[in-house]
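# Coordinate inspection notes
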Amino acid sequence: MSAAAPAPRVRHADRAALGVLAGLVLAALLAPWLAPHGPTDQLDIVGLASQPPSARFWLGTDAVSRDVLSRVLHGARVSLAVGAFGTLVALVLGAGIGLVAGWSGGRTDALLMGLVDTGLAVPRVLLVLAVVAVTGGLGTGGLVLLLGATGWFGIARLVRGQVRSLRTRAFVEAARTMGAPVPWIVRHHLLPHLATPLLVAATLGMGQMMLLEAGVSFLGVGVRPPAASWGNMIADGRATLATAPWVSLFPGLAIVGSVLALTVISEGMRRRLDPRETA
Amino acid sequence: MTPLLAVEGLTKRHRTPRGPVGCVDLSFTLDAGRTLAVVGPSGAGKTTLARVLLRLERPDAGRVMFDGRDWLALEGAALRAARPAMQAVFQDTSGALDPRTRVADALLEPLRIHGRVTEGEAPARVAAMLAEVGLDAALAARHPHELSGGQRQRVGIARALALGPRLLICDEPVSALDAVARDQVLAVLGALRRARGLAVLLIAHDAALVAREADAILALGPDGRVRPPASR
Amino acid sequence: MRRALRAAALLLAVATLAFAAIHAAPGAPFQPADGRALDPVAAAGLRARFALDAPLPVQYARWLAAAVQGDLGESFSRQRPVRDVLAAALPHSLLLAAAALLVDLLVGIALGAWQAAHAGSRGDRVLSAFTMSVQAVPVFWLGLVLVLVFAQWWHWLPVGGATDPVTHDLLTAAGRWLDRLRHLALPALTLGLAGAAGTARFVRGAMRDAWHEDHVRTARAMGVPERTILLRHVLRDAWLPLATLVGLAIPGLIGGAVLVETVFSWPGIGRVATDAILARDHPLVVGTALVSAAAVVLGGLVGDLLAAWADPRVRRSA
């Protein structure tokens, strides 16, 4: 029917999103060469503080005369890396726990899914804050682990559902009658079927992960200054919001762009998987 | 001579919205090289019987002696090591093969699980297995959905025979196939059964098919119990 | 009934976990901020005063017994009973949450319903892109942008706080109401809009599904006007998943509130929680954790009750 009309638009959006994401990743990788200044260089704390965007400072400078563009570029490394590795941790945990729950069934399943329901019901920001309160501050590595450890619930539920239905498929039962051990079945018959839905979920999850990182960094318990992450840059700029709004605005735009790109890519993949959904 | 398979008092009931289904107090024996047909209406527990024997479900009660062992007592690695002696051919020809696995890998899977094939000899093994069920070696590179139902079922038979079982459990092996494919599959199955001296537990609802293939018939009633043999 | 028991069990679990986690933490309370060691005698005195010298299980048992009676101990950092701190903050949080939920549902349902009725149109596509974009915006950054525009540039609304610290007490009753509303507007808008994007996407989907239900098709085939169909049939079908959505929105609302309360210096539970964590104020942390958990549990319950009310079939299984 009308499915033909919107289709090219969708592909444009997908391509644009891929382009944005590729650009951000490149910017993050090449930050030390692209950035005109170091991320923590205070250029001239008297003469060059809070400069508005100009030909010399494309995105302006902050209250202590650091170049915002350089900080956004270096912040991309931290924010994207935390998002990507945090997602990886969540993926491994979620897939592992979902597999165990879905395959075992019974009491193990009920217990693990109870845990998942509880985890999904508690706001993640609070979970992260609580752990930070317990550990008394984390390095970036610890933050990645923590974000992953609070981000696997949804993935576990997804995997568990898929495994429950795959488990009763005849080819999995056939493998059992052949005497295949469980790891064999997981590797040859479950993971290949889980790969695509997991990729879709992970792409969307990475966006959520980046939003969360920004949030906890904004509260001062995530990535610690002077290291630049987009979240703590926004917090930095808060004090001078009235006089130098660009310090907070640009890192925020960077977050919106990345998360939006990831969302669009995820949606595009999902739509390709599920051809029923056209409108 | 002790029978290859001896089932005693086997009971397994499932609750369904339309009332309980499954088999009740089932006892029978099957000698090596013989074919036993299990017939009965749906809900009589034919498939349940097959699944219990294949150790896909636990029975509520009963004993199974197979190949001289207490079959239901085997667990873990011992069970996996013993499974090659009893293999299965499934009704759903497309469901029984992983849609993402090529024919060659599907055929090699049982051998690889038990470490019975090296990658060097794999192509030759696949070709031999395909030839045994009358299929072209070129099918090895195909995915299951690129095959006809009859071809898929013959791949399923070749895979089930790869581990050299003594008993083959065939759950409605041809009921999903058209007449031509059915005759081909049955011919292949019959020839291999005779050549290898296989015992077969043939589950079917088609009495004509059963009369041609089976040495003995076990008829289940709708209540899941054995019906006394009708005079023939 | 079973749900209530589960809720109580969840609360107890959260309380126990929070208590255990906080006491397992490195670092001690009463640590002077400048890093000097605290005089040991003074430290012992403080510990005795706050009953921290007893063994942990004893502390836990005492704490639990007191907590059941509503006594959550005394906040280290504020030197006031935790109950009083929470009681002072809770109304602010409830006010913000209620206002935000109102914005969330009003805007979300209106957008979603309009989109469902005009599915596939240019406006629908633009709105879809818009709601997806809003979901990509960090809620605290949205708050800052709104502050920048409405408070810093246009001076329409205050920057933060729940009331004007100087003039509030001098105002007339009506003036105080207005003052409160003006302070509430931006945080509620921030939190509400962030949620509304998700609500709109959800409502659009639910209504599109309802559109294809048999009785809706039948009604249309019989010539019932589109407007009547939309209001009488489609919205009612979409109401059931929406009831669930309200329950699901609660955790997001609470999580978002932590950030939004910080942006707007809003004196609610979220702000208290953040401050307590940064100050290592153990009793207060546990107290805020309990209140948040209770809110989450209650939110889920409210969602279930709404769903049961909307659909009698659910009532039995609930």
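What comes next concerns the included structure. Fair warning: this is a prediction, and the values are worked out from it, not measured in the lab.

## Details of the overall build of chain C
- Check the secondary structure of chain C and you find 12 helices and 0 strands.
- What you see in chain C, going N to C, is helices and strands ordered as α-α-α-α-α-α-α-α-α-α-α-α.
- In chain C, buried positions account for 42% of the 318 residues.
- In chain C, the share of contacts with a sequence separation of at least 24, taken over all contacts with a separation of at least 6, comes to 70%.
- Summed over its atoms, the accessible surface of chain C is roughly 16,500 Å², and 66% of this surface lies on carbon and sulfur atoms.

## Describing the pairing of strand β6 (residues 86–89) of chain B
All names here are of chain B.
- Along β6, one buried face is formed by Met86 and Ala88 and the opposite face, lined by Gln87 and Val89, is buried too.
- Pairing analysis gives 4 bridges linking β6 to strand β7 (residues 167–171), with the strands arranged parallel. Across the sheet, the residue bridging to Met86 is Leu167, located in β7.

## Structural notes on the nonpolar core
- Core analysis: the largest hydrophobic core is formed by 170 residues, its most contacted members being Leu190 and Trp230 of chain A together with Leu5, Phe28, Leu53, Leu167 and Leu201 of chain B.
- A total of 14 residues in this core trace back to one element, the largest contributor, which is helix α8 (residues 182–218) of chain A.
- Structurally, this core is a two-domain feature, drawing no fewer than three residues from each of domain 1 (2–68) and domain 2 (86–317) of chain C.
- Of all hydrophobic cores here, the second largest spans 45 residues; its members include Leu111, Leu177, Leu202 and Ala214 of chain B.

## Overview of the interface of chain A and chain C
- Taken together, the 37 residues of chain A in the interface contact 36 residues of chain C.
- Buried area between chain A and chain C, summed over both chains or domains, comes out near 3,200 Å², and the portion from carbon and sulfur atoms is 79%.
- In this structure, the connection of chain A to chain C is made through 0 salt bridges.
- Linking chain A to chain C there are 3 residue pairs in polar contact (both at pLDDT 80 or more).
- Put simply, the parts of the chain that give the side of chain A that touches chain C at least two residues each are α3 (106–121), α4 (124–135), α8, α9 (230–238) and α10 (246–273) of chain A.

## Section: the pairing of β7 of chain B
Residue and element names in this part refer to chain B.
- Within β7, 5 of the 5 residues are buried, leaving the element largely enclosed by the surrounding structure.
- Inspection of the sheet shows β7 paired to strand β8 (residues 199–203) by 5 bridges, in the parallel sense. Across the sheet, Leu167 pairs through a bridge with Ala199, a residue of β8.
- In this region the chain leaves β7, passes through helix α6 (residues 179–196) and returns to the parallel neighbour β8; the handedness of that crossover is right-handed.

## A short note on the side chain of Ser258 of chain A
All names here are of chain A.
- Within the fold, Ser258 resides in helix α10.
- We classify Ser258 as buried; its relative accessible area is 0%.
- In this structure, Ser258 is in contact with Leu24, Met210 and Trp230, ignoring residues within four places of it in sequence.

## What to know about the interface of chain A and chain B
- Listed by partner, the interface residues are 18 residues for chain A and 22 residues for chain B.
- Summed over both partners, the interface of chain A with chain B buries about 1,800 Å², with 59% contributed by carbon and sulfur atoms.
- Per-residue buried area on chain A facing chain B is highest for Thr177, Met178 and Trp184 of chain A; these three make up 37% of the total on that side.
- Counting across the interface, chain A meets chain B through 1 salt bridge.
- A salt bridge links Arg51 of chain B to Glu173 of chain A; its shortest N-O distance comes to 2.6 Å.
- The interface formed by chain A and chain B includes 9 residue pairs in polar contact (both at pLDDT 80 or more).
- Those elements that provide at least two residues to the side of chain A that touches chain B are α7 (170–177) and α8 of chain A.
- Among the elements that take part in the side of chain A that touches chain B, α7 of chain A stands out by supplying 7 residues, more than any other.
- Class assignment of the residues belonging to the side of chain A that touches chain B gives a composition of 9 nonpolar, 6 polar and 3 charged.

## Remarks on the layout of surface pockets
Residues and elements named next belong to chain C.
- Space inside the second largest pocket adds up to approximately 580 Å³.
- Lining the second largest pocket are 27 residues, and of these Leu90, Leu94, Ala97, Ile254 and Ala295 lie nearest its centre.
- Elements represented by at least two residues in the lining of the second largest pocket include exactly α4 (82–117), α9 (226–263), α10 (269–278) and α11 (282–310).
- For the lining of the second largest pocket, the element with the highest residue contribution is α4, accounting for 8 residues.

Parameters at a glance
Residues numbered from 1 in each chain as written. Chains lettered and ligands numbered in written order. Predicted model: local features only at pLDDT ≥ 70, side-chain atom pairs only at ≥ 80, totals over all residues. Heavy atoms only, no water. Helix = DSSP H or I, 4+ residues; strand = E, 2+ residues; numbered from the N terminus. Buried < 20%, exposed > 50% of the residue type's maximum accessible area, 1.4 Å probe, protein only. Contact = heavy atoms within 4.5 Å. Areas by Shrake-Rupley, 256 points an atom, 1.4 Å probe, with all protein chains shown as cover. Pairing = 2+ DSSP bridges. Core = buried A, V, L, I, M, F, W, Y, C linked by side-chain atoms within 4.5 Å. Domains from an automatic or database assignment. Buried area = accessible area lost by both parts, 1.4 Å probe. Salt bridge = Lys/Arg side-chain N within 4 Å of Asp/Glu carboxyl O. Polar contact = N/O pair within 3.5 Å; in protein donor to acceptor, adjacent residues only side chain to side chain. Right-handed = clockwise from strand over helix to strand, strands pointing away. Nonpolar A, V, L, I, M, F, W, Y, C, P; charged D, E, K, R; others polar. 1 Å grid on protein atoms, 1.4 Å probe; cavity = no way out; pocket = protein on both sides within 12 Å on 5 of 7 lines; lining within 4 Å. Points joined across faces, edges and corners; volume = space filled by probe spheres on them.

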